[in-house]
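Each chain is listed here by its residues.
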Amino acid sequence: MLDNVGGRQLAEAFYRLEDDGVIQAIGKASKEPTTIDFEESRSRSQRGRIENFNVTTPFGDDLARLVGLLSRGELDAQVGWRGPWEQALSAAEALLSRRVHGKAVLTLP
């Protein structure tokens, strides 16, 4: 399972893990701390775990792989906003205010 929200959602996902389940914590969009009651989690599943995902550089090879998956239709990027580079500020504001579901894509002239 992937979680990019963190906070209460990550804790709830942890409580719902199947036995030996794993959550990859890849972000913190909620900006909330994640508090987990491990006593409660032990009563719900066995050996569940959370693993952090941290980006390291260089990541050109990783990006090339993702672009390849996109071009072959094997990955859905879930684009929720698309516009010209000149609207970058509007795109950022829409993302930060959570008016966009998915990614924002800026096109270059």
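Residue positions are given per chain, counting from 1 as you read along its sequence in written order. Predicted model: local features are reported for residues with pLDDT of at least 70 only, side-chain atom pairs are reported and counted for 80 or more only, and whole-chain, interface and lining totals are derived from all residues. Neither water nor hydrogens contribute to the side-chain values; these are computed over all heavy atoms in the structure.

What to know about the overall build of the chain
- By definition, any uninterrupted DSSP run of H or I lasting at least four residues is a helix, any uninterrupted run of E lasting at least two residues is a strand, and each is numbered from the N terminus. The number of helices and strands found in the chain is four helices and five strands.
- Mapped in sequence order, the helices and strands of the chain form the string β-α-β-α-β-α-β-α-β.
- Atoms counted for the radius of gyration: C-alpha only. Globule rule: 2.2 Å times residue count to the power 0.38. Relative to the 2.2 N^0.38 estimate, which gives 13 Å for 109 residues, the radius of gyration of the chain is 17 Å and therefore markedly larger than a compact globule would have.
- When its C-alpha atoms are laid out on the principal axes, the chain stretches across 55 × 30 × 25 Å.
- Out of the 109 residues belonging to the chain, those deemed buried represent 22%. Buried, partly exposed and exposed residues are distinguished by accessible area as a fraction of the type maximum, computed with a 1.4 Å probe on protein chains only: under 20%, between the cut-offs, and over 50%, respectively.

Here we look at the packing of aromatic side chains
- Two rings from Phe, Tyr or Trp (for Trp, the six-membered ring) form a pair when their centres sit within 6.5 Å of each other. Planes less than 30 degrees apart are called stacked, planes more than 60 degrees apart edge-to-face, and all others tilted. Taken as a whole and judged by the stated rule, the model has one aromatic pair.
- Residues Phe14 and Phe38 carry aromatic rings whose centres are separated by 5.9 Å and whose planes lie at 75° to one another, so their mutual orientation is edge-to-face. In this pair, Phe14 sits in helix α1 (residues 7-15) while Phe38 sits in helix α2 (residues 38-44), placing the two residues 24 residues apart along the sequence.

As for the sheet that holds strand β1 (residues 2-3)
- Pairs of strands are assigned from DSSP output, requiring at least two bridges between the strands. Here three strands make up an open sheet; going across it, the order is β1-β2-β3 and the pairing parallel. This sheet does not close on itself; its edge strands, each paired only once, are β1 and β3 (49-52).
- Strand direction decides the pairing type here: strand β2 (residues 22-25) and β3, joined by four bridges, are parallel. Residue pairing across strands places Ala25 opposite Asn52, the latter belonging to β3.

Topic: the pattern of salt bridges
- Salt bridges are defined as contacts in which a side-chain nitrogen from Lys or Arg sits within 4 Å of a carboxyl oxygen from Asp or Glu. Overall, the coordinates contain six salt bridges when judged by the stated rule.
- Among the salt bridges present, the one from Arg47 reaches Asp20, with a minimum N-O distance of 2.7 Å. Of this pair, Arg47 sits in the loop between α2 and β3 while Asp20 sits in the loop between α1 and β2; the two residues are 27 residues apart in sequence, bridging distant segments of the chain.
- As a salt-bridge pair, Glu74 and Arg72 come within 3.0 Å of each other at their nearest N and O atoms. As far as burial versus exposure is concerned, Glu74 and Arg72 are alike and both exposed.

Topic: the pairing of β2
- Here β2 shows a clear split, with Ile23 and Ala25 buried on one side and none of Val22 and Gln24 buried on the other.
- Inspection of the sheet shows β1 paired to β2 by two bridges, in the parallel sense. If you follow Asp3 over to β2, its bridge partner there is Ala25.
- Handedness rule for crossovers: strands pointing away from the viewer, path from the first strand over the helix to the second running clockwise, crossover right-handed. Since β1 and β2 lie parallel, the crossover through α1 that links them has a hand, and here it is right-handed.
- Following the chain from β2 across α2 to the adjacent parallel β3, one finds a crossover that is right-handed.

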